[in-house]
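So you can see what is in the structure, the chains are spelled out below.
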Amino acid sequence: MSKYITTPIYYVNGEAHIGHAYTTFIADTMTRYEKLKGEDTYFLTGTDEHGQKIEESAQKNAKPTQEFADEISATFKNLWDEFDISYDQFIRTTDENHKRGVQKAFEVMYAKGDIYKDFYEGHYCVSCETFFPETQLEDGEFCPDCGRSTSIIKEESYFFKLSKYEDKLLKYYEDHPDFILPRSRINEVINFVKGGLRDLSVTRTSFTWGVKIPKSLNDDKHVMYVWLDALLNYITALGYGKDDANMKYWPASTQFVGKDILRFHAIYWPAFLMSLDLPLPKHICAHGWWTRDGEKMSKSKGNVIAPKVVADAYRAENLRYFMLREVPFGQDGDFSQRAFIDRINSELSNDLGNLLNRIIGMSGKYSEFKIDSVDVQKYHSKELDAMNEALGNLDAFMQQMQTHRYLEELWKLFAIGNGAITGYEPWAKMKEGKEDEALATVALVANILAKAAIMLHPIMPKTTNIIADALNFEINHESYKDLVLGKNLLKVFNIKKVPPLFPRVEEPLMPEAPVAQPNAPKEEQSVKKEEDNLIEIGQFFQTSLKVGMIVQAEEVPKSKKLLKLQVDLGEHSNRQVVAGIKEFYSADSLIGTQVCVVANLKPAKLMGMISDGMLLAAKDEHGLCLIRPEKAKKVGTPIG
Ligand code: MSP
């Protein structure tokens, strides 16, 4: 039976970080594992390029949207190539074939009566590309997911009859308890569905960067909602709507997603598929989130780790190993250089690298690099049994995506190998004239390394190819069948010297993460104690604080919180600052007063208005007050 494995397609509004890398590593590992087992496996990844968020990112970067999408999409593709990601296809939602497939799906749903036209009015978060009911908003205005300000949008829209699929979905979850993995996540999905599914607005007229709805509807101001467009990539990649060339791979065996986008994949996606009369994927597998040194990663904090930076400092495959070893699938993980270095030194360098070096050294000394497994069974049946037992346990762990348990189990092999060397002391046996025994131990370890290399291959393909080359065999389905399934031993061969695979790391090889900025969006703020957050004086002076004068102030219509201010900072023109202080100050009372302004923040958009600076304020349970100079100062005077 064929397998089809997918990653989410990544938004092209920023470059990849290690969270994206994790999803891609685990999907690549599963694919390589299935291929090693001889399964016909198709692996899809790609980029999600439509929607208002991308359009706005392109505008901020002063680039035509397509050119911007091309550039960022290429950074993902190049990155995956550098990490040897063995995708069979890299799809882009701006591909013509994809767009055609999406239009076809829309037509099918429309013809079935699952799509109808109406009006939508609601609070929309551009950043999350999602409408939220008022009851879910924070303080009646802010996005419950990202904390950013939402805007009210009323527009004509086509709706997908999601409500029609409520019962069918619930029945499906009940009948397929492994549809969502880990199983612990099923309840949040069921509860969401039981809470009532509202029909889903699946087109937009407020922007144009999207797939147009089919011409047959004669309504060309509508583009498709980005999630409808994006989710369909999993079938358009197989030729849906074109020639169905690879539809034999559908339904997908494993679709990996981060926990934040589980709802889209476990509710909307199956409902779309039901509407298209297509079978549902076997498993939607939701992984946890990665933090850095205990902090959520975000651009505003400047603590995002680019996988390429880690790979350049520590080697790409070490990162793959670390991420897959560090967290139980489904749980959140933390990247810290300390934990990473510990695993490189103790597990990769000591347990594995040294074992190979010792075997090369001993066989060079005792047998001119010749290894012969002839006496292994005779002297080491106990070790062979233990090794085969551990090897036999591996498949179940991989099937459950528990790569940390898989690697833990695999590492038992190195413990057996290292234990055999310490326990049987081949050097002593050589001195005692028991050459057969000594060489049998060396050959045992060589076989352990060979079998471990095959099973480690899906996680560290290049490194294990070097090990296999040193042991004079190739890692492929044949050697997997022979050495792992068949439990056979290597024949007589000459072992080759290789440079150390995992040099020890003594010092962190990358700069530590910058500390969090105190005014990062709400959900990103550090919960750490002050003493954990000490900064250098230089870091403080990176913030440009200046005295400013508010010269104009007005209320922002429809916003309970925002005032739009023009602030004179002594520059050639005034700055527009949008501040959430309306509940505490009237616009008129502010005009002509001085304030302290953070002057070098990247401009942000709030309710569609540019805000180019931030006012310092203190807020407690009694309210908010602006921080002002005690005496009037010239505008633009630096503070610090
Ligand atoms: N474009 C959508 C997916 C559409 S799939 C039809 C999207 N893109 S994304 O680029 O924002 O996120 C892609 C994946 O990266 C998601 O699975 C998300 O969970 C994952 N991650 C983003 N940040 C992450 C971490 N910090 N840690 C782990 N994974 C995280 O959502």
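Residues numbered from 1 in each chain as written. Predicted model: local features only at pLDDT ≥ 70, side-chain atom pairs only at ≥ 80, totals over all residues. Heavy atoms only, no water.

**Student:** How should I be thinking about a positive patch on the surface in this particular structure?
**Tutor:** Together, Lys60, Arg148, Lys299, Lys602 and Lys605 give the surface a local cluster of positive charge. With respect to the helices and strands, the residue Lys605 is situated in strand β23 (residues 604–606). (Patch = residues over 30% accessible without salt bridge, like charges linked within 9 Å, V, L, I, M, F, W, Y side chains within 5 Å. Areas by Shrake-Rupley, 256 points an atom, 1.4 Å probe, with all protein chains shown as cover. Salt bridge = Lys/Arg side-chain N within 4 Å of Asp/Glu carboxyl O. Lys, Arg positive; Asp, Glu negative; His and termini not counted. Charge placed at Lys NZ, Arg CZ, Asp CG, Glu CD. Helix = DSSP H or I, 4+ residues; strand = E, 2+ residues; numbered from the N terminus.)

**Student:** Looking at this structure, I do not really get the sheet that holds strand β15 (residues 295–296). What am I missing?
**Tutor:** Each strand in a sheet pairs with another by means of backbone hydrogen bonds, the pair being arranged parallel or else antiparallel. Strand order across the open sheet formed by three strands is β15-β14-β16, with mixed pairing between neighbours. Looking at strand neighbours, the two that pair on one side only are β15 and β16 (333–335), the edges of this open sheet. Summarising the sheet, strand β14 (residues 290–292) and β15 pair through two bridges and their orientation is antiparallel. If you follow Thr291 over to β15, its bridge partner there is Lys296. (Pairing = 2+ DSSP bridges.)

**Student:** Any chance you could explain the domain arrangement of the protein here in plain terms?
**Tutor:** When the parts of a complex come together, some accessible area is lost, and that lost area is often taken as the interface size. When the domains of the protein are assigned, the result is domain 1 (347–494) and domain 2 (537–639). Of note, the centres of domain 1 and domain 2, computed from C-alpha atoms alone, are 66 Å apart. (Domains from an automatic or database assignment.)

**Student:** So what exactly am I meant to see when it comes to the pattern of salt bridges here?
**Tutor:** When their charged atoms lie close together, side chains carrying opposite charge are able to pair. Inspection of the entire model under this criterion finds 40 salt bridges. We note a salt bridge from Glu156 to Lys221, for which the minimum N-O separation is 3.1 Å. Linking Glu156 in strand β7 (residues 151–160) with Lys221 in the loop between β10 (203–204) and β11 (223–224), this pair joins segments that are 65 residues apart in sequence. By relative accessible area, Glu156 is classed as buried at 19%. Owing to a relative accessible area of 45%, Lys221 belongs among the partly exposed residues under this scheme. (Buried < 20%, exposed > 50% of the residue type's maximum accessible area, 1.4 Å probe, protein only.)

**Student:** Looking at this model, I keep getting lost on the pairing of strand β21 (residues 575–579). Mind explaining?
**Tutor:** Across a regular strand the side chains alternate sides, sitting on one face of the sheet and then on the other. By the criterion of burial, β21 is predominantly enclosed, with four of the five residues buried. Where strand β20 (residues 563–568) lies against β21, five bridges are found, and the strand directions are antiparallel. Considered in β21, the bridge of Leu563 is made with Ala579. Taking the residues that link successive antiparallel strands as the turn, the β20-β21 hairpin has six residues, and the phi of Gly570 there is positive, at about 75°.

**Student:** Sorry if this is basic, but what is going on with the site of the ligand here?
**Tutor:** In the neighbourhood of the ligand, 23 residues make up the surrounding shell, with Ile9, Asp48, Gly258, Asp260 and Trp290 lying closest. In this structure, His17 approaches the ligand through a side-chain N or O atom, which is 3.4 Å from a nitrogen atom. Here an oxygen atom of the ligand and a side-chain polar atom of Asp260 are 2.4 Å apart. The fraction of the free accessible surface of the ligand (660 Å²) that becomes covered by protein chains is 94%. Of all the secondary structure elements, the ones that give two or more residues to the shell around the ligand are β2 (10–11), α1 (18–36), α7 (226–231), α8 (233–236) and β12 (254–258). (Near = heavy atom within 4 Å. Polar contact = N/O pair within 3.5 Å; in protein donor to acceptor, adjacent residues only side chain to side chain.)

**Student:** I keep staring at the packing of helix α12 (residues 337–367) against helix α14 (residues 403–424) and nothing clicks. Help me out?
**Tutor:** Geometrically, a packed helix pair is captured by the angle between its two axes and the distance between the axes. Two elements in contact, α12 and α14, have axes whose closest approach is 10 Å; the angle formed by their N-to-C orientations is 45°. With respect to their mutual orientation, α12 and α14 come out oblique. Considering only the axes of α12 and α14, their crossing is left-handed. Touching Glu347, Leu348, Asp351, Leu352, Leu355, Arg358, Ile359 and Met362 of α12 are Trp411, Phe414, Gly417, Asn418 and Ile421, all from α14. (Axes fitted to C-alpha atoms, helices over the stretch in contact; angles between N-to-C directions. Parallel < 35°, antiparallel > 145°, perpendicular 65-115°, else oblique. Left-handed = near helix turned anticlockwise from the far one by under 90°. Contact = heavy atoms within 4.5 Å.)

**Student:** How should the sheet that holds strand β5 (residues 115–125) be read in this particular structure?
**Tutor:** As summarised here, the arrangement of the four strands in space is β6-β5-β7-β9, forming an open sheet in which the pairing is antiparallel. Edge positions in the sheet fall to β6 (130–132) and β9 (200–201), since each has one partner strand and no second. Summarising the sheet, β5 and β7 pair through ten bridges and their orientation is antiparallel. Counted as the bridge partner of Tyr124 is Ser151 from β7.

**Student:** Looking at this model, I keep getting lost on helix α5 (residues 166–175). Mind explaining?
**Tutor:** Working note: α-helix, 3.6 residues per turn, so residues spaced by three or four point in the same direction. Glu166, Leu169, Leu170, Tyr172 and Tyr173 are the residues of α5 that are buried. Relative to the axis of α5, the buried residues are bounded by an arc of 160° and lie together on one face. Away from its buried face by more than 90 degrees, α5 exposes Asp167 and Glu174. (Arc of directions from axis to C-beta.)

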